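# Coordinate analysis (summary)
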Number of protein chains: 2
Amino acid sequence: MVNTKSHEYEQPGVTVDLVLFTIHEGKPMVLLTHRARDPFAGRWSIPGDFLRKGESLDEAAWRVVQETTGVQDLYLEQLYTFGDPGRNSPARVITVTYLALTPWKPFAQPPSGTTAALTWYPIDEIPELAFDHHEILTYAVNRLRAKAGYSNIVYGLLPETFRLSDLQKMYEIILNKTIDKRNFRKRMLETGLLQETGVKDRTGAHRPAMLYRFKQREVVYFD
Amino acid sequence: MVNTKSHEYEQPGVTVDLVLFTIHEGKPMVLLTHRARDPFAGRWSIPGDFLRKGESLDEAAWRVVQETTGVQDLYLEQLYTFGDPGRNSPARVITVTYLALTPWKPFAQPPSGTTAALTWYPIDEIPELAFDHHEILTYAVNRLRAKAGYSNIVYGLLPETFRLSDLQKMYEIILNKTIDKRNFRKRMLETGLLQETGVKDRTGAHRPAMLYRFKQREVVYFD
DNA sequence: CCAAAAGTGTTATTGATACACCCATGC
DNA sequence: GCATGGGTGTATCAATAACACTTTTGG
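The structure displayed is predicted, hence computed values, not measured ones. (Residues numbered from 1 in each chain as written. Chains lettered and ligands numbered in written order. Predicted model: local features only at pLDDT ≥ 70, side-chain atom pairs only at ≥ 80, totals over all residues. Heavy atoms only, no water.)

The next subject is the sheet that holds strand β10 (residues 209-214) of chain A. Pairing within the open sheet is antiparallel, and its three strands lie in the order β8-β10-β9 (chain A). In the strand order of this sheet, the two ends are held by β8 (162-163) and β9 (194-201) of chain A, each with one partner. (Pairing = 2+ DSSP bridges. Helix = DSSP H or I, 4+ residues; strand = E, 2+ residues; numbered from the N terminus.)

What follows concerns the interface of chain A and chain B. Facing 32 residues of chain A, the contacting portion of chain B comprises 32 residues. Taking both partners together, chain A and chain B bury about 2,800 Å²; carbon and sulfur atoms supply 55% of that area. Our enumeration of links across chain A and chain B arrives at zero salt bridges. Scanning the region where chain A abuts chain B turns up five residue pairs in polar contact (both at pLDDT 80 or more). Breaking the side of chain A that touches chain B down by element, the ones donating at least two residues are β1 (13-24), β4 (48-50), α1 (57-68), β5 (75-82) and β6 (93-101) of chain A. A total of four residues in the side of chain A that touches chain B trace back to one element, the largest contributor, which is β5 of chain A. (Contact = heavy atoms within 4.5 Å. Buried area = accessible area lost by both parts, 1.4 Å probe. Salt bridge = Lys/Arg side-chain N within 4 Å of Asp/Glu carboxyl O. Polar contact = N/O pair within 3.5 Å; in protein donor to acceptor, adjacent residues only side chain to side chain.)

Let us look at the protein's contact with DNA strand C. Lining the immediate environment of DNA strand C, one finds 21 residues, of which Ser165, Lys181 and Met210 of chain A together with Asn183 and Arg207 of chain B sit closest. The sugar-phosphate portion of DNA strand C accounts for 42% of its atoms within 4 Å of the protein, the bases making up the rest. Backbone polar atom of alanine 205 of chain A to a base nitrogen of DNA strand C: 3.4 Å apart, as the coordinates give it. For the surface near DNA strand C, the elements supplying multiple residues, two or more each, are α4 (181-191) and β10 of chain A together with α4 (181-191) of chain B. (Near = heavy atom within 4 Å.)

Once that is clear, we can look at the relation of the copies chain A and chain B. Copy one and copy two of the chain differ by a rotation about a common axis and a shift along it. You can overlay chain A on chain B at an RMSD of 0.0 Å; the transform is a turn of 180° with a shift of 0.0 Å along its axis. Viewed as a symmetry operation, the transformation between the two copies matches a two-fold axis. Closest approach to the rotation axis within chain A is made by the C-alpha atom of glutamine 11 of chain A, at a distance of 3.2 Å. Mapped onto chain B, 100% of the interface residues of chain A are again interface residues, and the two copies thus contact each other with one and the same surface. (Least-squares fit on C-alpha atoms with pLDDT ≥ 70 in both.)

The next subject is α1 of chain A. Because an α-helix completes one turn every 3.6 residues, residues spaced three or four positions apart along the sequence face the same direction. Taking 1.5 Å as the rise per residue, α1 of chain A with 12 residues should run 16 Å; its terminal C-alpha atoms sit 17 Å apart, in good agreement. When α1 of chain A is considered as a whole, its buried residues turn out to be Leu57, Ala60, Ala61, Arg63, Val64, Val65 and Thr68 of chain A. (Expected span 1.5 Å × (residues − 1). Buried < 20%, exposed > 50% of the residue type's maximum accessible area, 1.4 Å probe, protein only.)

Okay, the protein's contact with DNA strand D next. Around DNA strand D there are 23 residues in total, and Arg207 of chain A together with Ser165, Lys181, His206 and Met210 of chain B lie nearest to it. Backbone atoms, meaning sugar plus phosphate, form 40% of the atoms of DNA strand D positioned within 4 Å of the protein. For DNA strand D, a base nitrogen lies 2.6 Å from a polar atom in the side chain of lysine 181 of chain B. Those elements that provide at least two residues to the surface near DNA strand D are α4 of chain A together with α4 and β10 (209-214) of chain B. Each residue belonging to the surface near DNA strand D can be placed in one class, and the counts come to six nonpolar, six polar and 11 charged. (Nonpolar A, V, L, I, M, F, W, Y, C, P; charged D, E, K, R; others polar.)

Now for the pairing of strand β1 (residues 13-24) of chain B. Residues and elements named next belong to chain B. Extensive coverage of β1 is indicated by the burial of 11 of its 12 residues. Note that β1 and strand β6 (residues 93-101) share nine bridges and pair parallel. If you follow phenylalanine 21 over to β6, its bridge partner there is leucine 101. As paired strands, β1 and strand β2 (residues 27-34) are joined by four bridges and run antiparallel to one another. If you follow isoleucine 23 over to β2, its bridge partner there is proline 28. Counting the residues that bridge the hairpin from β1 to β2 gives two residues, and of these glutamate 25 lies at a positive phi of roughly 50°.

This part is about the packing of helix α3 (residues 164-175) of chain B against α4 of chain B. Residue and element names in this part refer to chain B. Viewed as axis vectors pointing N to C, α3 and α4 meet at an angle of 100°, and their least axial separation amounts to 11 Å. As summarised for this structure, α3 and α4 are arranged roughly perpendicular, according to the angle between their axes. Where α3 approaches α4, its residues Leu164, Leu167, Gln168 and Tyr171 are matched on the opposing element by Lys181, Phe184, Arg185, Met188 and Leu189. Class assignment for the residues of the contact of α3 with α4 results in six nonpolar, one polar and two charged. (Axes fitted to C-alpha atoms, helices over the stretch in contact; angles between N-to-C directions. Parallel < 35°, antiparallel > 145°, perpendicular 65-115°, else oblique.)

Another aspect to go through is the pattern of salt bridges. Residues and elements named next belong to chain A. Summed over all chains, the structure comprises 26 salt bridges over all chains. Here aspartate 132 and arginine 87 are joined by a salt bridge, their closest N and O atoms 2.6 Å apart. Highlighted residues: aspartate 132 in the loop between β7 (118-122) and α2 (133-150) and arginine 87 in the loop between β5 and β6, separated in sequence by 45 residues. Like aspartate 132, the residue arginine 87 is buried in the burial classification.

Attention shifts here to unusual backbone geometry. Negative phi characterises most residues that are not glycine, and trans characterises most peptide bonds. Following aspartate 38 of chain A, the chain continues to proline 39 of chain A via a peptide bond in cis, the omega torsion being -5°. Note on placement: proline 39 of chain A falls in the loop between β2 (27-34) and β3 (44-45). Backbone geometry at phenylalanine 131 of chain A places phi at a positive 50°, although glycine is not the residue there. Looking at where phenylalanine 131 of chain A falls in the secondary structure, it is placed in the loop between β7 and α2. Positive phi is not limited to glycine here, since asparagine 176 of chain B has a value of about 55°. Take asparagine 176 of chain B: it is sitting in the loop between α3 and α4.

Below is the structure:
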């Protein structure tokens, strides 16, 4: 079973790519970078980089986050590994993908007429992407939707404190359905994952809302 | 962001490793191979091999199955990718792991006193393993347990036709709890995933049992 | 005082669970 | 005829879903 003819084996490059979601103005958005160089110069792609020496996969994913966004508070989990030959040109590359969530933060918007190197795109208005990044993105969206249904994963999309209506809105956007307010609040508070901050949000011409936080910023599964 | 100093990048080996489960005599078992060579000569490990040229990850996983077991009918899904530096000695290796399920089949048992190259081990009697295979195995068991709870994944552990009591037994073993017979049958038949074969099993000194099959041998999620 | 979002309980429906006896066969 | 697993229905309980009005604020 051991074959020493090295030409039969791949010595592929290994990259770590990042599907970073946020929600802004009621829409799920994904972070894309504009490629200056070949392959696929001029196309958009999800951020990524080659794995470095001595670096774990998680560390590489974290580094990609830092290099592209500088965002500190985010949720990060390994998603899937793509390695079909022919998914890239021309070299064989294995790509370990990560799913990440962050509260909305703007990135420098380019002057109109020019192109930003880094932008949020609404997930239903994605341009042509490099490599097989469209497939990766589809996979990530499905995972996010599924996991939102049975976990508190959306905490990654919210700032540290938030109104219950903010939380509800996140679920409604991701699951793409409306939710009854009273039932939602009841269930959420019953999970015991939330904590009143004592502080009230007093923006807007209406009754102030209590701000809550998640007791623990880590994934917990319901059911 | 692009750095051309190649020494900063890994050119790691990529392996595809397989956690193959079955159930036998009421116990979940995992397939292990005995390592003849270093590293970890003399230890047991889960089967795997280096990725070959032109081969997709799924194809490599399938090849590993064929080379080690020859089993044709099995369930196979990508599990997780392990790539910490230091998980192997001495070279850096990225391992894409797969979870697989198969109906019980015996493999040649060695004459007592000698060691088989390939054996089923009950998952609660696992010996010291090579590399980080213990971690991989733990991860796989958790995934199997979780997924059994909300999918028909156990079809991979059963032959094409089976009695409802066989199916129930699978769930009981994996979920490690007893299930009410009438409720189980009701729920299972209500899913619409099962189909009577019309054939009855007439082994044993008792009333013959109807044999069923899954209409489709692919994963379907309940709820 | 008007608009806008916050906050709050009860009822109806649905799904999940608990539970016990007769049936068909081989030996 | 006895031991073994196959096969079946109902009643209770728990969880989910439906539903509308009052409160507090800013302008």
